[in-house]
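# Geometric and topological summary
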Amino acid sequence: MISAIALTVAVLLVTILLALPLGRYMDRVYSGETFWATRMLGPVERMIYRISAIHPNREMDWKRYAIALLIFNLLGGVFLYGLLLVQGALPLNPEHFPGVPGGSAFNTAVSFITNTNWQDYAGESTMSYLSQMLGLTVQNFLSAATGITILLPIIRGIARQKTSDLGNFWVDMTRTVLYVLLPLSFIFALILMEQGVIQTLSSYLHAHLIAPFASGGKQITHQVLAVGPVASQEAIMMLGNNGGGFFNANDAHPFENPTALTNFLEMVAMILIPTALVFLFGHMAKARRTAWAMVVAMLVLFIPLALASEHFDLAGNPLFTSVHVAQANTSALVGGGNLEGVEDRVGVAGSALFASIATATSTGAANSAYDSLMPLSGGVNLFLMQMGEAVFGGVGSGLATMLAFAIFAVFLGGLMVGRTPEFLGKKIEPFEIKMASLSILVMPLLVLIGTAMAVSTAAGRAGVFNPGAHGFSEMLYAITSPANNNGSAFGGLSSDTRFYNLITGLCILFGRYWTYLPLLALAGALARKKKVPLGAGTLATHTPIFISLLVGVVLLVGALNFFPALALGPIAEQLAPLATTLTTH
Amino acid sequence: MDSAHTIAEIDWKQQAKGAFWDSLRMLTPQRQWHNPVMFVVYIGSWLVLALFFRDLASGSAEAMFTGVIDLWLWLTLIFANFAEALAERQGQAQANSLRQTRQEVKAKKLHKPLRGVPYHEVPGASLHSGDFVLVEAGDIVPTDGEAILGVAAVDESAITGESAPVIREGGGDRSAVTGGTRVLSDWLIIRVSSEAGNTFLDQMIAMVEGAARRKTPNEIALSILLVVLTLVFLVVTITLYPFSWYSVHYASHSGTVISITVLVALLVCLIPTTIGALLPAIGIAGIMRLLRANVVATSGRAIEAAGDVDVLLLDKTGTITYGNREAVAFYPVQGATEEQLAIAARRASLADDTPEGKSVVALAEEKFTQLKEKLPDAAELVAFSAETRMSGVDWSGKQLRKGAPDSMKEWVQSLGGTWPEELDAIIRKIAAMGATPLAVCEDGRALGAVELKDIVKRDIKARFAELRAMGIRTVMVTGDNPLTAAAIAAEAGVDDYLAEAKPETKLARIRKYQGEGYMLAMTGDGTNDAPALAQADVGLCMASGTQAAREAANMVDLDSNPTKLLEIVQIGKQLLMTRGALTTFSVANDVAKYFAIIPAAFVSTYPQLGLLNIMDLSSPQHAILAAVIFNALIIPLLIPLALKGIKFRADSAQHILRRNVWIYGLGGLIAPFIGIKLIDMLLVLL
């Protein structure tokens, strides 16, 4: 456990150390400052504007911004949908995969434009290289950039006053991709390739087995090795919190995640941009101490949950323990614990930590089988998502949700100090509460109603492979993940059915747009207000007491709603063996 | 002055009894619909009642449990109604006592505003705005208006509680008269300014009775939050039924599906009933507190705005300093001794009845106790006039004068005397200290100066320090020159001052602060204060003020006590704090209720969930019942807090937040664990 804690601390520490300069860098990019980066890439940026007839100085109000965002996403979705349908007739398809079936293509398109990357397919047996690169990888960039463009106007709404201008969507989108995502992905992809992640356009490899064997009456003589342009997709899928793997095995696959170093760096990559965005918020809104308070609040929520997940998975199955079956080896990280579904290269603690990070951020990548985690470790995954992806969360969208929670915290705190609540000088009035509520309200409704539909219809129950409380967890997970735009799969559920394609697709769409459009409206309202000067009478948003209030609000307003459902799923399952042993002894 | 109330002691027993019957009468759908949180409880109560009869008819063993749960659900509603009814009753008691002063009065209506024209008597209620009315000694002023002719002593004790009569006269700053007050002497001709039913008194009655009480923006925001929480918990409990059904039939294959009764119980426990029930009472209690401070607000909004104020614009005179200046020192010149100066100053002031004059006499007698001579009969008095700006006496052939230095200088020079440089220096020195110099001369010879000082109120500096800790800046407004103003500002500890203030400069200063985003409050009474009162976020008008000022302000202080502004800020803050604290408490309570109900509801499906019963409650039914009972009982337990408001201490936001998060956040987490456990132990005993 000591090494598990050390690993957790190391990942978070490295992330924060990298996020600090990245946040400052992004601030300089978005403020349009002239510095080395804009001097280098400025001509490209200006050329893009010229070609697409964008007036970079023309700012938009929240409605125009939102419409531009929606149209952009819609076009991206339609393009991806079409590309998947007809990939069979297009080049760069060495394995000659046919077009993706309609239901799955719709689900995938919706999933990738919303940064969810819920995958109801296996990449290496479904997608052509063209689909992977031009379709999925492009959307990995654009959906991540969309997340940031959701956040930027909200920050501007807080930072600016008496204006309806919230920035220009096209400029924000261009700058995000050009200055932030592309360079970072490029560097990260090179590091990954150096470590052994593959990057090729050649067709799948056929290897003759040294020791052929018989299986199912057939003589197996050779093995197909799926390959492809993996590193380029892997880099953005981690950095952009997409999580949709090239291969079905995702980051458990040695071609995606070959070494301990890549495993470490991929974890850092997942939380890097969400953390940097908090610091960016600090710079842009001139609220650095509040930004730090938010980082601390996220850590306060994240660290105990991640450690609990690692602890339960390392402790292994208590039933085995009670009959004196040793599950623990000496090497703390790799050996021991609940090894089912775990890559030896990564180990139990490394898998649990990876799982926590992938669900705390909206990445949803996996380097182990989440279905095989100990029930409470899987429960931590669920819980991290059910907090509304506010703890680090998706790139952009995560901090946006956290800001909505902060508005609630400020509202309660402001009342408690006897003033009309204000957040960084902006008065929080009925409209703001209404929009923040709408945004926070959508996700629990989607998850609870969606799961209720899954458990009460034959179509929903049909997908479940496992009996007992675990089966319930599987359905709960299958709805929670898309509704939070996480995209991680618990497994143990056949999700490529009409029922799940439809319900997860709807959850993804509502979870994305119904959650963030109200926040854009909120940004519009905040920007119009004038700033109230801060004084001794105003609620400070950087103090330990505010951090505890914020953490309390996230838990009470956000996550407490899921306590009954979690009790019937992971909690009942985890406690079950204990009860059994108690009764047998 | 500030504790003179018209409010009779509240007869709690009587009130509680009445409120109890009210709370039963309020159990109608129309009435409950106004409060969405409680409406959900209302629907749930009917639902469980129906289930109770079903169980009874089918002879189910559950009937008893269902019945008891339902009983407590109805009690929850009754307690909530009781809180509101009690607050309303208190308001009504206040309104009734006010209404007694508004008996049907006859009004002497005039055709034109002239003394001597015949009047005819009409009922006071028939008067319209613009009518002219004559009131004479013994009459009750029929409605609000403005005196345009005459001077009269008016007893306003019915409104203000202040027994000393006040003077009202046509024109000028003391012209406003209030319906329901009594003329003691002389007469007035009044122009009616508000229709019957819309007077000041009526507004006040309407406010306390809640008829005109619209929800403030802040209340609306909080209500939205409560509705959203209710909606989420509604979905949480409704979806729990299929979850439980699945777990019983497909997952564990044991136990029973959660019953509707338990689901309703869980729902009622989770939704914020505590704050939902107490919210109306908190609002009414806030207005009541304001009324008890003898302040009438035109809207609930104004009270909340008072809590938001960050700048107070305070008139120097009366608020920061006592109204009068006092002599504090003698400065002899040209070889005169201090005693000579004191004697001359005393003599010149003996006939001076103003507080300043008296203070000169007092100072002289204090310094030189032997001075006892009386004003000789032959002495000729020279009264103060605005033109000469001096006063004095001709005493045994000597002309003794005191007055403003510049006019004294002219007078001395006109008599051929010389004005010493030395005296000019002293005068400058006195002015620089924030005091007023008074020159004293005997015939053509200047004897010296007397220093008249504004006396800053004793406790005011500490109060300003408190305000500063709360983040509220104080700005002193005075007609004094900047030098004097600065000195007094420093002594009183205000943050800023506005010297040589005129109505326009005042207005400009208000706009400047508002432009910087500050909310500000001010007091005023004159017609020329009206624009500034209207511009300020909180404008407090003195009851003695003119009609124009009253209409521009959003609060009126019946005691005409400018220091009241500080109290109003506190009341506004306390109102918001009470709301926030009880909301936090209510939401934090949910954790314990989950731990009581969830294991109880699912232990038959998954026996291992019994481990979540960390309170070790005796049985599932007891656990659910205990949670419901706690949820109901906490409402009446918190009624006193809702009506009184949570404890207020002048402190920084930081400290207040810390205290309230500890008490109501952490307390709200822990209290129900203890409460539910205790109730469970009692249930075992029964």
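Residues numbered from 1 in each chain as written. Chains lettered and ligands numbered in written order. Predicted model: local features only at pLDDT ≥ 70, side-chain atom pairs only at ≥ 80, totals over all residues. Heavy atoms only, no water.

## Observations concerning the pattern of salt bridges
Pairs can form between side chains of opposite charge once their charged atoms are near each other. Convention followed: By definition here, a salt bridge exists when the distance from a side-chain nitrogen of Lys or Arg to a carboxyl oxygen of Asp or Glu is within 4 Å. Each helix corresponds to a stretch of at least 4 residues labelled H or I by DSSP, and each strand to a stretch of at least 2 residues labelled E; elements are numbered beginning at the N terminus. Only protein chains enter the area calculation, which uses a 1.4 Å probe; residues under 20% of their type maximum are buried, those over 50% are exposed, and those in between are partly exposed.
Under the criterion given, the structure shown has 34 salt bridges over all chains. The partner of Lys-529 of chain A in a salt bridge is Glu-432 of chain A, and the shortest N-O contact between them spans 3.2 Å. Taken together, the residues Lys-529 of chain A in the loop between helix H17 (498-528) and helix H18 (544-559) and Glu-432 of chain A in helix H14 (residues 430-456) connect sequence positions 97 residues apart. The class for Lys-529 of chain A is buried, based on a relative accessible area of 15%. Residue Glu-432 of chain A is classed as buried on the basis of its relative accessible area, which comes to 2%. Put simply, Glu-88 of chain B and Arg-31 of chain B hold a salt bridge, and the shortest N to O gap is 3.6 Å. Taken together, the residues span a long stretch of sequence, with Glu-88 of chain B in helix H4 (residues 63-99) and Arg-31 of chain B in helix H2 (residues 29-33) at a distance of 57 residues. If you follow the salt bridges from partner to partner, you end up with Arg-419, Glu-422 and Lys-427 of chain A together with Asp-310 of chain B in one network.

## With respect to the packing of helix H3 (residues 36-57) of chain B against helix H7 (residues 217-251) of chain B
Residues and elements named next belong to chain B. Here is the rule: Between N-to-C directions, angles span 0 to 180 degrees; the directions come from axes that are lines fitted to C-alpha atoms, helices contributing only their stretch in contact. Each angle gets one of four labels, with under 35 degrees taken as roughly parallel, over 145 as roughly antiparallel, 65 to 115 as roughly perpendicular, and the rest as oblique. Pairs of residues are marked as contacts when any of their non-hydrogen atoms sit within 4.5 Å. Residue classes follow a fixed rule: Ala, Val, Leu, Ile, Met, Phe, Trp, Tyr, Cys and Pro count as nonpolar, while Asp, Glu, Lys and Arg count as charged, and any other residue, Gly among them, counts as polar.
Packing of H3 against H7 brings their axes to within 9 Å, and their N-to-C directions diverge by 30°. By the angle between their axes, H3 is roughly parallel relative to H7. Residues Pro-36, Val-37 and Val-40 of H3 form the contact with H7, whose own contacting residues are Leu-226, Val-227, Thr-230 and Leu-234. When the residues that make up the contact of H3 with H7 are grouped by side-chain class, the tally is 6 nonpolar, 1 polar and no charged.

## So, the interface of chain A and chain B
To keep things clear, this is the line we draw: Buried area adds together the accessible area that both of two parts lose upon being put together, with accessible area traced by a 1.4 Å probe.
Across the boundary between the two partners, chain A contributes 60 residues, which contact 67 residues of chain B. Taking both sides of the interface into account, the surface hidden between chain A and chain B amounts to around 5,300 Å²; carbon and sulfur atoms contribute 76%. It is Met-416, Ile-545 and Leu-568 of chain A in chain A that bury the most area against chain B; as a group they hold 14% of the surface buried on that side. The interface formed by chain A and chain B holds 1 salt bridge in total. One salt bridge connects Asp-310 of chain B with Arg-419 of chain A, and the closest N-O pair in it is separated by 2.9 Å.

## Remarks on the confidence of the model for chain A
Heads up, the condition is: Per-residue confidence from the predictor is given as pLDDT, running between 0 and 100.
Residue-level pLDDT values for chain A average 90, and 97% of them are 70 or greater. In the model, residues 581-585 of chain A has pLDDT below 50 throughout and makes 2 contacts with residues more than four positions away in sequence or in other chains.

## Focus: the pairing of strand S10 (residues 311-315) of chain B
Residues and elements named next belong to chain B. The following threshold applies: Following DSSP output, two strands are said to pair if at least two bridges run between them.
Counting buried positions along S10 yields 4 of 5 residues, so the element is predominantly enclosed. Sheet topology places S10 next to strand S17 (residues 473-477); 5 bridges connect them, and they run parallel. The residue of S17 that forms the bridge with Leu-312 is Thr-474. Pairing of S10 with strand S19 (residues 520-524), which is carried by 3 bridges, proceeds in the parallel orientation. In the strand pairing of S19, Leu-313 is matched with Met-522.

## Some points on the packing of aromatic side chains
What counts, and what does not: Classification of ring pairs uses Phe, Tyr and Trp, with its six-membered ring standing for Trp, and accepts pairs whose centres are within 6.5 Å; under 30 degrees between planes counts as stacked, over 60 as edge-to-face, and the remaining range as tilted. Here, a charge over a ring means that NZ of Lys or CZ of Arg falls within 6 Å of the ring centre while also lying within 35 degrees of the ring normal.
Evaluation of the coordinates by the stated rule reveals 32 aromatic pairs over all chains. An angle of 65° between the planes, with centres 5.4 Å apart, marks the rings of Phe-20 of chain B and Trp-21 of chain B as edge-to-face. Exposure remark for Phe-20 of chain B: the relative accessible area of 37% places this residue in the partly exposed category. By way of ring pairs, the aromatic residues Phe-97, Tyr-129, Tyr-204, Phe-246, Phe-247 and Phe-255 of chain A are connected into one cluster. Between the NZ or CZ atom of Arg-115 of chain B and the centre of the ring of Trp-187 of chain B, over which it lies, the distance is 4.7 Å. In this arrangement the basic side chain of Lys-512 of chain B is found over the ring face of Tyr-513 of chain B, its NZ or CZ atom lying 5.3 Å from the centre.

## Let's talk about the nonpolar core
Note the following rule: Buried Ala, Val, Leu, Ile, Met, Phe, Trp, Tyr and Cys residues that are joined via side-chain atoms within 4.5 Å together make up what is termed a nonpolar core.
Counting residues in hydrophobic clusters, the biggest one holds 330 residues, and the most contacted among them are Met-26, Phe-281, Phe-302 and Phe-423 of chain A together with Leu-312 and Met-555 of chain B. Setting aside residues up to four positions removed in sequence, Met-26 of chain A forms contacts with Ile-148, Val-180, Ala-276, Leu-277 and Leu-280 of chain A.

## Thoughts on the confidence of the model for chain B
All names here are of chain B. Averaged over all residues, the pLDDT of chain B is 84; the fraction at 70 or higher stands at 92%. Segment residues 1-7 is flagged for pLDDT under 50; beyond a separation of four residues in sequence, or across chains, it makes 17 contacts in the model. Reported for the predicted complex are a pTM of 0.86 and an ipTM of 0.92.

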